[in-house]
Structures are given as structure tokens and as C-alpha cells.
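Topology and contacts: notes
Residue strings, one per chain:
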Amino acid sequence: MPIAADPEVAAAYVAAGWWGNDTPTDLIRRNADERPDDVAYITWHRPTGDQRGSIDRTTWAGYDQLSDQMAAALLAAGLQRGDRAAVILPDGAAVHAAFTGADKAGVVVMGIGHRAGPAEIAHLAEKSGARAIVTGAAPQQRPTAEAVAELQRRLPALAHHIAIDGVGQHGAIFLNGEPAPAPESVTGFAEAVDRRRLGASELCLLNSTSGTTGLPKCVMQTHNRWFYFHRKAVEYGGLEPDEVFCAAVPAPFGFGLWSAHYTPAILGAPTVVMADFDAAALIRLIEAERVTVLCAVTTQFIMMLNSPAFDRHDLSSLRLMFTGGEAIPYQRAAEFEARTGCTVLNFYGSNETGMLSGTRLSDPRSARLRTGGRCEPEMDCALYDPDDGQRLAGLRGRGRPACRGPATALGYYDDPEANAELMTDDGRMLMGDIVEIDDDGYLRVAGRTSDFIIRGGKNISAPSVEDEVMTHPAVAMVAAVAAPDPVFGERVAAYVELVPGASLSLDELREHLAERGVSREWWPEHLFTVDALPRSSGGKVAKGQLKTDAADRVSAALG
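So, here's what we can say about the structure. (Residues numbered from 1 in each chain as written. Predicted model: local features only at pLDDT ≥ 70, side-chain atom pairs only at ≥ 80, totals over all residues. Heavy atoms only, no water.)

Once that is clear, we can look at the pairing of strand β10 (residues 217-222). Across the 6 residues that make up β10, a large majority, 6, are buried. Side chains of β10 alternate between two faces, with Lys 217, Val 219 and Gln 221 and Cys 218, Met 220 and Thr 222 buried alike. Here strand β9 (residues 203-209) runs beside β10; their pairing, made up of 6 bridges, is antiparallel. Each residue of the ladder has a partner; that of Leu 205, found in β10, is Gln 221. (Buried < 20%, exposed > 50% of the residue type's maximum accessible area, 1.4 Å probe, protein only. Helix = DSSP H or I, 4+ residues; strand = E, 2+ residues; numbered from the N terminus. Pairing = 2+ DSSP bridges.)

Take a look at the structure:
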């Protein structure tokens, strides 16, 4: 049986207008029929030796054709309906075509960020049971063909390698080193797509999320949860079909999904995407393409503000910037509004819960930039005591938020223990934060219950960093905490007790982590050696003291 939302719940959400029956396959086909030559994706990428970068334009017809080619490759590989394929591609038309091609073939995508390290890739490919891996074909792209071959030796179930050579509609697709068959050469291709394609409420995508311990978990996504988010974004931001989107967050992650894969396709609007984030290039693209809606995390818009290019280009086309996933700095967000003339909207939620609350154009600036907005009624939000887990009366005051509704995911894939921790006894999904909801219903994040470091909008598990740092032979004890940073919000700081007589530099530690295949985002960016880590009365490491110390050290270094 396919993994899917409860049929009665799905029917109720469809009847209420929150969900529907369309999938990206329907949207892309419709756009290809109605506006075949209009641009769907404007992909900025940086070929080897090209510092300024190049642009590729993919039309709706080209998008539909490229996704058909991907579907044909998956069918030719013999993948069955519901099988998984790991997709590791930089942001661009190709990754979206890969997602939609998998949708057409009835294959579930395991979306992996293209900067993931070998250990994370191996974990997610194995955890998802992927039978195929989809990557770029260029020699400089990661993972390389050699790395894929090594991964396949470790994971025999990962039998097929599909590679895309190119960034847009003219890309060539290879299956296990040979040109993949064209859709027209696959017997009964159209009938197979109509028979196998995934439904709007079925599991269609797995993406990763950091846990408090261990390697990432896999969140189960459906198309319909993002169709719901689209409806809220249109309502709150007044979105129209004539928008030009720019999604600075990569597609495998939730923010990048709705802002580049779903909403533009529903509206039939073009989207600017970047294979690698570059603040100056993004500023140029906004001016050149007359972008109206920017979707970016705090780190990205601060890097834009700090760029010398910001005042050299006309950004007056910007009407909205959507941000979220973390507390945004009020002064910098207000500065962004003042220097561009656009309005900043903030949403609150998680990869698991989806949008729990949000701000809208009609909200005052203080609410838009200092809160996560008001809770959505249909998300059935509640507050719980962070100590005993009991539900609190009413939706005001301080507590740990949880929700259930049309935005929530299906939970974690093949992880009953994690699902038990995620869910309340009465069926809501818990957030890892402590929030305060005022008398007007606005939600503010007061602190985190989970031990995360939020670097540039991405959650990094401190215990996971500690586990990796502890593998260095010079390290006796370690504690990872967040060090404040004016651009990224937070950076990873590692406090270590060394083995007697040993020494360790930051470069030596990072070299060790690289050799272990640890993702770069997990690498400490500050290393402080101490004689002994401070302890609380209960014997645990007093991380509060370390966070204060890290802030003091960073402040002193900045002068």
C-alpha cells in the first residue's frame, strides 16, 4: 500500500478548499499547453572559469519535455511505483524537472542538498532505500562519478545512476553511463505515466531534517501540504500571475519547495534560481529580471545588504520578500524594506509542521518583523507545558507549540521512535521552541528546547557535531554551542578538553572532519580549548555559560 494521508482527512481538506487533486504533472502540462514559450526557470550558474556566471532559460514546454525524459529514464531503469530515487542536484531547472519526472513515473524523491557530505548522502540513500541516484554529469559537480560508484559498492540496492549533463531544457540524460531512452522509445510511455503518477495526497518526496542526535531524519512530504501553503502565501502576500519569483533557498528544503516548485507553477510565473548562492549575482538578477517576489533566509538578505553591489543596482521591482525559519533581526529587515521599498513577510513553522503561523501585508511592521504572525485556525494549534508535556488551556501565554492541519507532513519515514517524540498524545506535531502568544494572538519565539545551532536558516544539531568532533584522537570532551554572527545569525563553536599532551588547531579539526565525509555546515568555525568544561549542579555541561563565553569572545574579536 502506498504511504498517503488518511483518506477521510484528505477528503475533508479537499472539501474545505485547502487541498486539491492536481500535482506538478498537471500544472506543468497545463502551462506547456497554454504558454509553451514562456519562461519557467531562469537558472544562474557559474561554469568553470566564469566568475560573473551565465544564465539558462527554460520554457514551460522545455520543462515538460525534460521531466518526461527523466520519467522515461526511471521507467527504463525498472523502478516500480513507490520506489525511491535520491536526487542530488544544484538548484536550477534540472532539479525541478527531476522532481516532476519522478512524479510522472510514480517514484518518490529522496531530496538531498547538493552540498551534503558523503556520510550524509550515504545515510539518506540507505535510510530511504533508494534504488537510483540522480546527479549532475559535469566532472566538477558533487558527488563525482567516482563517489557515486563508491556509494553503489556500499549500497547494492542503489543499482542505477541517472546523470543530467546541462542545467536546463537542452540537458542530456544518461542512464548507467549510456544515453537514456527518449520518452517516445518507451513502449506505452503516456499510458504508464497516467497509470503510475503519484496522487496529490500520497508520499512524493522525502527531505532531511536535523535531529537532536545522530544523522538527519527523513520527513515525508505530500504535494497537497505545499498547495495549502501556496493558498496562504497568495492570501497573505496578494500574489498574482504576473509575479517574477526569485528563490534563493535550494529546492530540496521546504522553503525552496513552495517558492520555486509549487507556487510559480500554479500561477504560471517565471522563477529565478541559483546553482550556488552569490549575493552580488542575486542583486544583479533582481534588477535584470525585474523580480517582484524574493524568498530568502536571514543570512542571504543580510549578505545582500552588506554587498557593495546593493546600492549600484535598481531593486525597485521588488514588492515582497518572504523569510522565516528563524527569528529575523528587526533592524536589518527594516533596513531591507527601506532600501528596496518592498514589504517583508515572516512565517513560522518547521519542515515537519509546515506553516503554523504567518504575517500578512495588513500587519504593522512591528508584527511583521518581530513576530511569526498569528496562528492559522485550520492548523488547530495548541500550547503544551515544556516540562510535563500537558496541554495548556487556551492559545495565549508561554509554552511549546504544536499543531495538526493541512500543512503538516506525514511524519518521519521508517522512524517510529522519532515519530513518538514528534507527536503529542492528542495527535499534534510538536515544535522544538518555546513561544509566547500575546493578547492579540501574535506569536514570538522565546527560545529553543532542542539543542540546535541555526546557521543561515539551517538547523545544525549540536550533539551531532559533538559526536563527530569526538572522533578526533586529540579530543577528550567537547561541547558545541552557537556563537553569534552578524551575517549568518549563528556559527558553530566547539569547546574542547584535550587529551593530555595533545594539541589541536581549527584547521586540523576541519581536515579530520573532511576526511570523515562530514558536511561542511557541521564543521566548527570557532575552536576554543579549555582545561575543563563547566558543569551544572546535575553534572551536565553548562552550555548556557559556554554560549555567554562564545558571545563575549566574538564581541571582543570584532572590537
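Let us now look at the pattern of salt bridges. All told, the structure shown has 37 salt bridges when counted by the stated rule. For Arg 491, the salt bridge is made with Asp 485, and the minimal N-O distance between the two is 2.7 Å. For the pair Arg 491 and Asp 485, one class covers both residues: buried. The structure contains a network of salt bridges with shared partners spanning Lys 232, Glu 235, Arg 360, Glu 376 and Glu 378. (Salt bridge = Lys/Arg side-chain N within 4 Å of Asp/Glu carboxyl O.)

Across the interface, helix α2 (residues 24-34) lies against helix α3 (residues 60-76) with an axial gap of 8 Å and an inter-helix angle of 135 degrees. On the basis of the axis angle, α2 is oblique to α3. Considering only the axes of α2 and α3, their crossing is left-handed. Counting all contacts with α2, which are made through Ile 28, Arg 29, Asn 31 and Ala 32, the residues of α3 involved are Trp 60, Ala 61, Tyr 63 and Asp 64. Among the residues making up the contact of α2 with α3, the classes are represented as 5 nonpolar, 1 polar and 2 charged. (Axes fitted to C-alpha atoms, helices over the stretch in contact; angles between N-to-C directions. Parallel < 35°, antiparallel > 145°, perpendicular 65-115°, else oblique. Left-handed = near helix turned anticlockwise from the far one by under 90°. Contact = heavy atoms within 4.5 Å. Nonpolar A, V, L, I, M, F, W, Y, C, P; charged D, E, K, R; others polar.)

The next point concerns a negative patch on the surface. Where like charges cluster on the molecular surface, the negative patch consists of Asp 507, Glu 508, Glu 511 and Glu 515. Tracing the backbone through its elements, the reader meets Glu 515 in helix α16 (residues 506-515). Assessed through its relative accessible area of 63%, Glu 515 is described here as exposed. (Patch = residues over 30% accessible without salt bridge, like charges linked within 9 Å, V, L, I, M, F, W, Y side chains within 5 Å. Areas by Shrake-Rupley, 256 points an atom, 1.4 Å probe, with all protein chains shown as cover. Lys, Arg positive; Asp, Glu negative; His and termini not counted. Charge placed at Lys NZ, Arg CZ, Asp CG, Glu CD.)

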